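Structural characterization, general
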Amino acid sequence: MTVIHVPGSKSGTARALVLAAAANGTSTLVRPLRSDDTEGFAEGLTHLGYRVGQEVDLRHIEGRPSGPAVTDADVHCRDGATTARFLPTLAAAAASGTYRFDASAQMRRRPLAPLTEALRTLGVDLRHDAAERHHSLRISASGIRGGELTLDAGESSQYLPSPGSQNSRTVRVPEPTPSPGVLMSTPPHHPPTSYGSVASCHICGAIPAVHAVVRGHRGLVVTLRFLTEEGAFCRTCGTATYRRMTSDTLWQGWWGLLSVFAAPVTMVMNIGARSRIRALPHPVGNLRPQLAPGRRVLARPPALVIMAALVVALGAVVVPKLIPHTQPTFTAGDCIRNHAKWPEQDLEEVGCSSPEAEYWISDGDKCWGRDWLLYLEYSAEKKTLCAHPMSK
Ligand SMILES: [Zn+2]
(Lines give C-alpha, C1' and ligand atoms only; values in the text may rest on other atoms or scores of the structure.)
Protein backbone atom coordinates (compact mmCIF):
# COMPACT_ATOMS: atom_id res chain seq x y z
CA MET A 1 0.00 0.00 0.00
CA THR A 2 1.14 3.49 -0.75
CA VAL A 3 -0.07 6.27 1.49
CA ILE A 4 0.47 9.76 0.18
CA HIS A 5 0.29 12.65 2.61
CA VAL A 6 -1.14 15.34 0.36
CA PRO A 7 -0.49 18.97 1.19
CA GLY A 8 -3.87 20.62 1.36
CA SER A 9 -3.63 22.47 -1.92
CA LYS A 10 -5.61 22.26 -5.10
CA SER A 11 -2.60 21.69 -7.30
CA GLY A 12 -1.07 19.11 -4.92
CA THR A 13 -4.33 17.19 -4.70
CA ALA A 14 -4.82 17.16 -8.47
CA ARG A 15 -1.28 15.91 -9.03
CA ALA A 16 -1.69 13.23 -6.39
CA LEU A 17 -4.95 12.13 -8.00
CA VAL A 18 -3.41 11.75 -11.44
CA LEU A 19 -0.37 9.92 -10.04
CA ALA A 20 -2.67 7.57 -8.13
CA ALA A 21 -4.73 6.96 -11.28
CA ALA A 22 -1.61 6.12 -13.29
CA ALA A 23 0.01 3.94 -10.62
CA ASN A 24 -0.47 0.25 -9.97
CA GLY A 25 -2.81 -0.79 -7.17
CA THR A 26 -4.85 1.30 -4.79
CA SER A 27 -3.46 4.55 -3.47
CA THR A 28 -4.91 6.36 -0.50
CA LEU A 29 -4.74 10.12 -0.22
CA VAL A 30 -4.96 11.37 3.34
CA ARG A 31 -6.92 14.58 3.82
CA PRO A 32 -6.81 15.77 0.22
CA LEU A 33 -8.27 19.20 -0.47
CA ARG A 34 -12.01 19.10 -1.11
CA SER A 35 -13.01 21.79 -3.63
CA ASP A 36 -15.08 22.02 -6.76
CA ASP A 37 -11.93 21.53 -8.83
CA THR A 38 -10.80 18.39 -7.03
CA GLU A 39 -14.34 16.99 -6.94
CA GLY A 40 -14.54 17.64 -10.69
CA PHE A 41 -11.23 15.84 -11.12
CA ALA A 42 -12.42 12.81 -9.15
CA GLU A 43 -15.70 12.80 -11.06
CA GLY A 44 -13.79 12.90 -14.36
CA LEU A 45 -11.70 9.91 -13.23
CA THR A 46 -14.91 8.05 -12.40
CA HIS A 47 -16.31 8.78 -15.87
CA LEU A 48 -13.12 7.35 -17.34
CA GLY A 49 -13.74 4.13 -15.43
CA TYR A 50 -11.33 4.64 -12.52
CA ARG A 51 -12.61 3.46 -9.16
CA VAL A 52 -12.49 6.33 -6.72
CA GLY A 53 -13.58 5.78 -3.13
CA GLN A 54 -14.28 8.34 -0.48
CA GLU A 55 -14.14 8.13 3.29
CA VAL A 56 -13.91 10.88 5.83
CA ASP A 57 -10.54 12.51 5.17
CA LEU A 58 -9.46 9.75 2.82
CA ARG A 59 -9.68 9.17 -0.89
CA HIS A 60 -8.84 5.80 -2.43
CA ILE A 61 -8.00 5.48 -6.11
CA GLU A 62 -7.52 2.20 -7.91
CA GLY A 63 -4.79 2.96 -10.39
CA ARG A 64 -4.72 1.76 -13.99
CA PRO A 65 -1.32 2.16 -15.66
CA SER A 66 -2.94 1.05 -18.92
CA GLY A 67 -5.36 4.00 -18.93
CA PRO A 68 -9.14 4.30 -18.59
CA ALA A 69 -11.29 1.27 -17.90
CA VAL A 70 -13.97 2.35 -20.33
CA THR A 71 -13.63 2.82 -24.09
CA ASP A 72 -16.13 5.63 -24.43
CA ALA A 73 -16.65 8.54 -22.10
CA ASP A 74 -17.81 12.13 -21.86
CA VAL A 75 -15.96 14.14 -19.25
CA HIS A 76 -16.86 17.64 -18.13
CA CYS A 77 -13.84 19.28 -16.58
CA ARG A 78 -15.87 22.08 -14.96
CA ASP A 79 -13.58 24.99 -14.10
CA GLY A 80 -10.51 22.93 -13.27
CA ALA A 81 -7.36 23.80 -15.19
CA THR A 82 -5.57 20.68 -13.97
CA THR A 83 -8.60 18.54 -14.78
CA ALA A 84 -8.79 20.02 -18.28
CA ARG A 85 -5.13 19.22 -18.92
CA PHE A 86 -4.43 16.03 -17.00
CA LEU A 87 -7.45 13.92 -17.83
CA PRO A 88 -7.01 14.06 -21.64
CA THR A 89 -3.46 12.71 -21.22
CA LEU A 90 -4.73 9.81 -19.11
CA ALA A 91 -7.35 9.06 -21.77
CA ALA A 92 -4.73 9.24 -24.54
CA ALA A 93 -2.88 6.36 -22.91
CA ALA A 94 -5.76 3.93 -23.53
CA ALA A 95 -5.10 1.22 -26.09
CA SER A 96 -8.37 2.09 -27.78
CA GLY A 97 -11.37 4.27 -27.08
CA THR A 98 -13.11 7.54 -27.79
CA TYR A 99 -13.15 10.21 -25.13
CA ARG A 100 -14.79 13.60 -25.29
CA PHE A 101 -13.79 16.43 -22.97
CA ASP A 102 -15.49 19.74 -22.33
CA ALA A 103 -15.14 22.43 -19.72
CA SER A 104 -16.76 25.60 -18.39
CA ALA A 105 -17.04 28.63 -20.64
CA GLN A 106 -14.16 30.26 -18.81
CA MET A 107 -12.00 27.17 -19.19
CA ARG A 108 -12.87 26.89 -22.87
CA ARG A 109 -11.29 30.30 -23.42
CA ARG A 110 -7.94 29.20 -22.01
CA PRO A 111 -5.55 27.82 -24.62
CA LEU A 112 -4.26 24.26 -24.53
CA ALA A 113 -1.66 24.66 -27.28
CA PRO A 114 1.29 22.91 -25.59
CA LEU A 115 -0.89 19.96 -24.60
CA THR A 116 -2.39 19.63 -28.07
CA GLU A 117 1.00 19.76 -29.73
CA ALA A 118 2.64 17.40 -27.26
CA LEU A 119 -0.04 14.72 -27.59
CA ARG A 120 -0.11 15.04 -31.36
CA THR A 121 3.69 14.75 -31.49
CA LEU A 122 3.35 11.50 -29.57
CA GLY A 123 0.90 10.21 -32.18
CA VAL A 124 -2.37 10.82 -30.37
CA ASP A 125 -5.42 11.51 -32.53
CA LEU A 126 -6.72 14.67 -30.85
CA ARG A 127 -9.32 16.92 -32.42
CA HIS A 128 -10.80 20.14 -31.11
CA ASP A 129 -14.52 20.50 -31.68
CA ALA A 130 -14.86 24.27 -31.80
CA ALA A 131 -11.73 26.40 -31.56
CA GLU A 132 -8.41 24.79 -32.36
CA ARG A 133 -6.31 24.24 -29.21
CA HIS A 134 -9.19 24.90 -26.86
CA HIS A 135 -11.75 22.74 -25.12
CA SER A 136 -13.89 20.97 -26.10
CA LEU A 137 -11.86 18.14 -27.62
CA ARG A 138 -12.08 14.54 -28.64
CA ILE A 139 -9.41 11.86 -28.35
CA SER A 140 -9.47 8.67 -30.38
CA ALA A 141 -7.01 6.68 -28.38
CA SER A 142 -4.72 3.99 -29.73
CA GLY A 143 -1.96 4.16 -27.12
CA ILE A 144 0.83 6.70 -26.92
CA ARG A 145 3.73 5.73 -29.10
CA GLY A 146 7.16 6.47 -27.72
CA GLY A 147 9.26 9.31 -28.99
CA GLU A 148 11.04 12.50 -28.23
CA LEU A 149 9.18 15.58 -27.34
CA THR A 150 10.15 19.16 -26.67
CA LEU A 151 7.76 20.79 -24.30
CA ASP A 152 7.61 24.38 -23.20
CA ALA A 153 6.60 24.09 -19.60
CA GLY A 154 7.28 27.75 -18.92
CA GLU A 155 3.61 28.53 -19.30
CA SER A 156 2.43 25.90 -16.90
CA SER A 157 3.92 22.75 -15.45
CA GLN A 158 0.50 21.19 -16.00
CA TYR A 159 1.59 20.54 -19.54
CA LEU A 160 4.28 18.16 -18.45
CA PRO A 161 2.96 14.79 -19.41
CA SER A 162 1.21 12.62 -16.94
CA PRO A 163 2.72 9.18 -16.46
CA GLY A 164 0.05 7.41 -18.46
CA SER A 165 2.03 5.88 -21.27
CA GLN A 166 3.44 2.38 -21.39
CA ASN A 167 6.03 3.42 -23.96
CA SER A 168 9.21 5.26 -23.17
CA ARG A 169 9.35 8.91 -23.93
CA THR A 170 11.99 11.53 -23.78
CA VAL A 171 10.78 14.90 -22.71
CA ARG A 172 12.95 17.98 -23.15
CA VAL A 173 11.97 21.02 -21.16
CA PRO A 174 13.77 24.08 -22.57
CA GLU A 175 13.13 26.39 -19.63
CA PRO A 176 13.46 25.16 -16.10
CA THR A 177 10.10 25.36 -14.46
CA PRO A 178 9.92 26.55 -10.89
CA SER A 179 6.85 24.56 -10.05
CA PRO A 180 7.16 21.41 -7.95
CA GLY A 181 4.59 20.00 -10.34
CA VAL A 182 7.49 19.00 -12.57
CA LEU A 183 8.06 16.09 -10.19
CA MET A 184 5.05 14.31 -11.55
CA SER A 185 6.70 13.70 -14.92
CA THR A 186 8.72 10.97 -13.24
CA PRO A 187 6.89 7.66 -13.56
CA PRO A 188 6.52 5.73 -10.33
CA HIS A 189 9.34 3.21 -10.21
CA HIS A 190 7.93 1.40 -7.22
CA PRO A 191 4.27 0.87 -8.00
CA PRO A 192 2.16 0.61 -4.89
CA THR A 193 0.72 -2.73 -4.05
CA SER A 194 -2.98 -3.26 -3.79
CA TYR A 195 -4.64 -2.66 -0.49
CA GLY A 196 -8.22 -3.25 0.53
CA SER A 197 -10.44 -0.94 2.47
CA VAL A 198 -8.65 1.35 4.85
CA ALA A 199 -9.99 2.13 8.29
CA SER A 200 -8.62 4.93 10.41
CA CYS A 201 -7.50 4.56 14.01
CA HIS A 202 -10.31 5.31 16.46
CA ILE A 203 -7.81 6.85 18.85
CA CYS A 204 -5.67 9.09 16.66
CA GLY A 205 -7.32 8.96 13.24
CA ALA A 206 -4.20 7.72 11.43
CA ILE A 207 -4.26 5.14 8.67
CA PRO A 208 -3.95 2.32 8.06
CA ALA A 209 -5.73 0.71 10.95
CA VAL A 210 -7.11 -2.71 11.65
CA HIS A 211 -10.13 -3.72 13.71
CA ALA A 212 -9.09 -5.58 16.84
CA VAL A 213 -10.27 -6.51 20.32
CA VAL A 214 -7.56 -6.14 22.95
CA ARG A 215 -8.36 -7.92 26.22
CA GLY A 216 -7.35 -7.61 29.81
CA HIS A 217 -8.28 -9.35 33.03
CA ARG A 218 -8.55 -8.26 36.62
CA GLY A 219 -9.17 -10.75 39.39
CA LEU A 220 -10.89 -9.46 42.55
CA VAL A 221 -10.91 -12.41 44.97
CA VAL A 222 -14.31 -13.86 43.99
CA THR A 223 -15.18 -11.76 40.95
CA LEU A 224 -13.42 -11.80 37.60
CA ARG A 225 -13.41 -8.68 35.47
CA PHE A 226 -12.81 -9.07 31.77
CA LEU A 227 -11.76 -5.84 30.14
CA THR A 228 -11.88 -5.21 26.40
CA GLU A 229 -10.92 -2.35 24.17
CA GLU A 230 -12.37 -2.71 20.72
CA GLY A 231 -12.01 -0.62 17.59
CA ALA A 232 -9.76 0.17 14.68
CA PHE A 233 -6.18 0.57 15.85
CA CYS A 234 -3.21 1.98 14.01
CA ARG A 235 0.05 0.21 14.70
CA THR A 236 1.21 2.76 17.27
CA CYS A 237 -2.02 3.05 19.28
CA GLY A 238 -2.69 -0.69 18.97
CA THR A 239 0.76 -1.55 20.27
CA ALA A 240 0.32 0.88 23.16
CA THR A 241 -3.10 -0.57 24.05
CA TYR A 242 -1.88 -4.17 23.85
CA ARG A 243 1.12 -3.43 26.03
CA ARG A 244 -0.92 -1.57 28.66
CA MET A 245 -3.67 -4.21 28.84
CA THR A 246 -1.23 -7.12 28.98
CA SER A 247 0.94 -5.43 31.55
CA ASP A 248 -2.12 -4.63 33.70
CA THR A 249 -3.26 -8.25 33.40
CA LEU A 250 0.14 -9.44 34.56
CA TRP A 251 -0.15 -7.14 37.53
CA GLN A 252 -3.85 -7.34 38.43
CA GLY A 253 -4.87 -10.57 36.80
CA TRP A 254 -3.91 -13.06 39.47
CA TRP A 255 -5.92 -12.06 42.51
CA GLY A 256 -9.16 -13.91 41.83
CA LEU A 257 -9.92 -17.52 42.68
CA LEU A 258 -10.20 -18.49 39.00
CA SER A 259 -7.66 -15.99 37.78
CA VAL A 260 -4.97 -18.61 37.50
CA PHE A 261 -6.90 -19.75 34.44
CA ALA A 262 -8.41 -16.44 33.32
CA ALA A 263 -5.20 -14.45 33.15
CA PRO A 264 -3.27 -16.81 30.85
CA VAL A 265 -6.35 -17.32 28.63
CA THR A 266 -6.73 -13.56 28.30
CA MET A 267 -3.13 -13.21 27.24
CA VAL A 268 -3.40 -16.04 24.71
CA MET A 269 -6.54 -14.46 23.24
CA ASN A 270 -4.58 -11.26 22.63
CA ILE A 271 -2.07 -12.99 20.38
CA GLY A 272 -4.28 -12.67 17.28
CA ALA A 273 -5.00 -8.99 17.84
CA ARG A 274 -1.34 -8.35 18.56
CA SER A 275 -0.13 -9.97 15.36
CA ARG A 276 -2.71 -8.16 13.21
CA ILE A 277 -1.68 -4.82 14.71
CA ARG A 278 1.97 -5.70 14.31
CA ALA A 279 1.54 -6.47 10.61
CA LEU A 280 0.41 -2.91 9.88
CA PRO A 281 2.81 -0.45 8.29
CA HIS A 282 3.78 2.69 10.14
CA PRO A 283 0.69 4.92 10.49
CA VAL A 284 0.39 8.32 8.86
CA GLY A 285 -2.01 11.21 8.98
CA ASN A 286 -3.01 11.17 12.62
CA LEU A 287 -5.50 13.90 13.53
CA ARG A 288 -5.14 13.50 17.30
CA PRO A 289 -2.20 12.56 19.49
CA GLN A 290 -1.19 8.91 19.35
CA LEU A 291 -0.78 6.74 22.41
CA ALA A 292 2.80 6.21 23.49
CA PRO A 293 3.67 2.52 23.06
CA GLY A 294 6.18 2.68 25.92
CA ARG A 295 8.36 -0.23 26.82
CA ARG A 296 7.77 -3.79 25.71
CA VAL A 297 5.60 -5.85 28.04
CA LEU A 298 8.51 -8.02 29.10
CA ALA A 299 10.56 -4.97 30.02
CA ARG A 300 7.91 -3.56 32.37
CA PRO A 301 7.95 -4.01 36.17
CA PRO A 302 4.83 -6.27 36.35
CA ALA A 303 6.32 -8.73 33.89
CA LEU A 304 9.67 -8.63 35.65
CA VAL A 305 8.05 -9.25 39.04
CA ILE A 306 5.93 -12.11 37.69
CA MET A 307 8.90 -13.64 35.95
CA ALA A 308 11.03 -13.34 39.08
CA ALA A 309 8.23 -15.01 41.07
CA LEU A 310 7.99 -17.80 38.50
CA VAL A 311 11.73 -18.33 38.61
CA VAL A 312 11.68 -18.53 42.41
CA ALA A 313 8.68 -20.89 42.42
CA LEU A 314 10.23 -23.05 39.76
CA GLY A 315 13.47 -23.11 41.71
CA ALA A 316 11.72 -24.17 44.91
CA VAL A 317 9.98 -27.08 43.17
CA VAL A 318 12.58 -28.23 40.70
CA VAL A 319 15.95 -27.62 42.27
CA PRO A 320 15.54 -30.03 45.25
CA LYS A 321 14.58 -32.74 42.77
CA LEU A 322 17.65 -32.09 40.66
CA ILE A 323 20.06 -32.32 43.55
CA PRO A 324 20.46 -36.04 44.52
CA HIS A 325 19.53 -36.48 48.14
CA THR A 326 22.27 -38.49 49.83
CA GLN A 327 20.88 -40.56 52.63
CA PRO A 328 23.51 -41.28 55.28
CA THR A 329 23.80 -44.89 56.42
CA PHE A 330 25.38 -46.16 59.59
CA THR A 331 26.83 -49.37 60.93
CA ALA A 332 27.44 -50.54 64.44
CA GLY A 333 30.08 -48.42 66.20
CA ASP A 334 29.29 -45.12 64.44
CA CYS A 335 28.36 -42.08 66.50
CA ILE A 336 25.52 -39.73 65.56
CA ARG A 337 23.49 -36.75 66.60
CA ASN A 338 19.78 -36.22 65.88
CA HIS A 339 18.73 -32.83 64.48
CA ALA A 340 15.05 -33.74 65.01
CA LYS A 341 13.17 -34.59 68.16
CA TRP A 342 12.87 -38.31 68.90
CA PRO A 343 11.17 -40.41 67.67
CA GLU A 344 11.56 -38.15 64.55
CA GLN A 345 14.97 -38.80 63.07
CA ASP A 346 17.26 -36.49 61.11
CA LEU A 347 20.56 -38.14 61.82
CA GLU A 348 24.08 -37.01 61.10
CA GLU A 349 27.28 -38.93 61.67
CA VAL A 350 29.76 -37.22 64.00
CA GLY A 351 33.05 -38.31 65.45
CA CYS A 352 32.63 -40.43 68.61
CA SER A 353 35.04 -38.17 70.50
CA SER A 354 33.23 -35.01 69.34
CA PRO A 355 31.20 -33.17 71.97
CA GLU A 356 28.34 -33.24 69.44
CA ALA A 357 28.10 -37.04 69.54
CA GLU A 358 24.82 -37.92 71.29
CA TYR A 359 24.33 -41.62 70.47
CA TRP A 360 26.38 -44.57 69.38
CA ILE A 361 25.07 -47.26 67.05
CA SER A 362 24.78 -50.97 67.75
CA ASP A 363 23.12 -53.85 65.97
CA GLY A 364 19.40 -54.22 66.60
CA ASP A 365 19.69 -57.40 68.64
CA LYS A 366 21.56 -55.38 71.27
CA CYS A 367 18.80 -52.85 71.97
CA TRP A 368 17.83 -52.12 75.52
CA GLY A 369 16.26 -49.62 77.88
CA ARG A 370 16.30 -46.05 76.53
CA ASP A 371 17.57 -46.93 73.09
CA TRP A 372 15.87 -45.75 69.92
CA LEU A 373 15.38 -47.99 66.91
CA LEU A 374 16.67 -46.26 63.77
CA TYR A 375 14.62 -45.97 60.61
CA LEU A 376 15.57 -48.83 58.29
CA GLU A 377 16.76 -46.37 55.63
CA TYR A 378 19.75 -45.52 57.86
CA SER A 379 21.10 -49.03 57.29
CA ALA A 380 22.67 -49.82 53.93
CA GLU A 381 21.62 -53.48 54.37
CA LYS A 382 18.18 -52.50 55.82
CA LYS A 383 19.13 -54.08 59.15
CA THR A 384 17.71 -52.98 62.49
CA LEU A 385 20.10 -50.62 64.27
CA CYS A 386 19.93 -49.17 67.76
CA ALA A 387 20.99 -45.73 69.03
CA HIS A 388 22.35 -45.81 72.63
CA PRO A 389 22.67 -42.51 74.48
CA MET A 390 26.35 -41.66 74.98
CA SER A 391 27.16 -41.84 78.64
CA LYS A 392 28.65 -38.51 79.65
ZN1 LIG B 1 -3.64 5.53 16.30
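The rules behind each value
- Positions within a chain are numbered from 1, following the residues in the order the chain's sequence is written.
- For a predicted model such as this one, the threshold for reporting local features is a pLDDT of at least 70, and the threshold for listing and counting side-chain atom pairs is 80 or more; totals across whole chains, interfaces and linings nevertheless cover every residue.
- At least two DSSP bridges between two strands are required for those strands to pair.
- To qualify as a helix, a DSSP run of H or I must reach at least 4 residues; to qualify as a strand, a run of E must reach at least 2; elements of each kind are numbered from the N terminus.
- For helices, the fitted line uses only the C-alpha atoms of the stretch in contact; every axis is such a line through C-alpha atoms, and the angle between N-to-C directions lies from 0 to 180 degrees.
- Roughly parallel means an angle under 35 degrees; roughly antiparallel means over 145; roughly perpendicular covers 65 to 115; every other angle is labelled oblique.
- Each residue gets a C-beta atom placed from its backbone, and two residues are in contact if those atoms lie within 7 Å.
- For this classification, Asp, Glu, Lys and Arg are treated as charged, while Ala, Val, Leu, Ile, Met, Phe, Trp, Tyr, Cys and Pro are nonpolar and the rest, including Gly, are polar.
- Think of pLDDT as the predictor's per-residue confidence, scored from 0 to 100.
- One less than the number of residues in a helix, times 1.5 Å, gives the span that helix is expected to have.
- Whether a residue is buried, exposed or partly exposed is read from the other C-beta atoms within 10 Å of its own C-beta, which are placed from the backbone; 20 or more gives buried, 12 or fewer gives exposed, and intermediate counts give partly exposed.
- Only buried residues count toward a nonpolar core: Ala, Val, Leu, Ile, Met, Phe, Trp, Tyr and Cys, linked into one set through C-beta atoms within 7 Å.
- Residue ranges for the domains originate in an automatic or database domain assignment.
- Helix crossings get a hand from a simple test, with the near helix turned counterclockwise from the far one by less than a right angle marking a left-handed crossing and a clockwise turn marking a right-handed one.

1. Comments concerning the sheet that holds strand E5 (residues 72-76)
Taken in spatial order, the 4 strands line up as E5-E6-E8-E7 in an open sheet, and their pairing is mixed. Looking at the sheet topology across the chains shown, the edges are occupied by E5 and strand E7 (125-128). Neighbouring strand axes in the sheet, compared pairwise and without regard to direction, differ in orientation by 15° on average. One ladder, built from 5 bridges, connects strand E6 (residues 97-102) with strand E8 (residues 137-141); its direction is antiparallel. Within E8, the residue paired with Gly97 across the bridge is Ala141.

2. Points about the sheet that holds strand E15 (residues 359-363)
Overall, antiparallel pairing links the 5 strands, which are arranged E14-E13-E15-E17-E16 in an open sheet. Edge positions in the sheet fall to strand E14 (347-350) and strand E16 (372-373), since each has one partner strand and no second. One ladder, built from 4 bridges, connects strand E13 (residues 335-338) with E14; its direction is antiparallel. The residue of E14 that forms the bridge with Asn338 is Leu347.

3. Looking at the packing of helix H1 (residues 10-22) against helix H3 (residues 81-92)
The contact between H1 and H3 brings their axes to 11 Å, and the two run at 10°. Classified by the angle their axes make, H1 and H3 are roughly parallel. Residues Ser11, Ala14, Val18, Ala21 and Ala22 of H1 touch H3, and the partners they reach there are Thr82, Phe86 and Leu90. Looking at the contact of H1 with H3 residue by residue, the class counts come to 6 nonpolar, 2 polar and no charged.

4. Remarks on the confidence of the model for the protein
For the protein, per-residue confidence averages 81 on the pLDDT scale, and residues scoring 70 or more make up 84% of the total. Between residues 160-168, whose pLDDT stays under 50, and residues either more than four places distant or in other chains, the model counts 34 contacts. Scored below 50 in pLDDT, residues 175-197 shows 44 contacts in the model against residues more than four places distant or in partner chains.

5. Section: helix H2 (residues 36-47)
If you check H2, its first and last C-alpha atoms are 16 Å apart, about what 12 residues at 1.5 Å a residue would give, namely 16 Å. For H2, the complete set of buried residues consists of Asp37, Thr38, Gly40, Phe41, Ala42, Gly44 and Leu45. Against the buried residues of H2 lie H1, strand E3 (51-55), strand E4 (58-62), E5 and H3. Backbone geometry just downstream of H2 places Gly49 in the positive-phi region, at approximately 95°.

6. As for the nonpolar core
In this structure, Leu17, Ala21, Leu90, Ala91 and Cys201 are the most contacted members of the largest nonpolar core, which totals 62 residues. It is H1 that provides the largest number of residues to this core, a total of 8 residues. Split by domain, the residues of this core number at least three in each of domain 1 (2-185) and domain 2 (210-319). Leu347, Tyr359, Leu385 and Ala387 belong to the second-largest nonpolar core, a separate cluster that totals 9 residues.

7. Topic: helix H6 (residues 235-252)
Here H6 is 18 residues long and its end C-alpha atoms lie 25 Å apart, about the 26 Å a rise of 1.5 Å per residue gives. Of all 18 residues in H6, 14 are buried; the element is thus mostly enclosed.

8. Notes on the packing of H6 against helix H8 (residues 301-322)
Two elements in contact, H6 and H8, have axes whose closest approach is 8 Å; the angle formed by their N-to-C orientations is 40°. Relative to H8, the element H6 lies oblique. Read as a crossing pair, H6 and H8 show a hand that is left-handed. Contacts between H6 and H8 pair Ser247, Leu250 and Trp251 from the former with Pro302, Ala303 and Ile306 from the latter. Its residues assigned to classes, the contact of H6 with H8 comprises 5 nonpolar, 1 polar and no charged.

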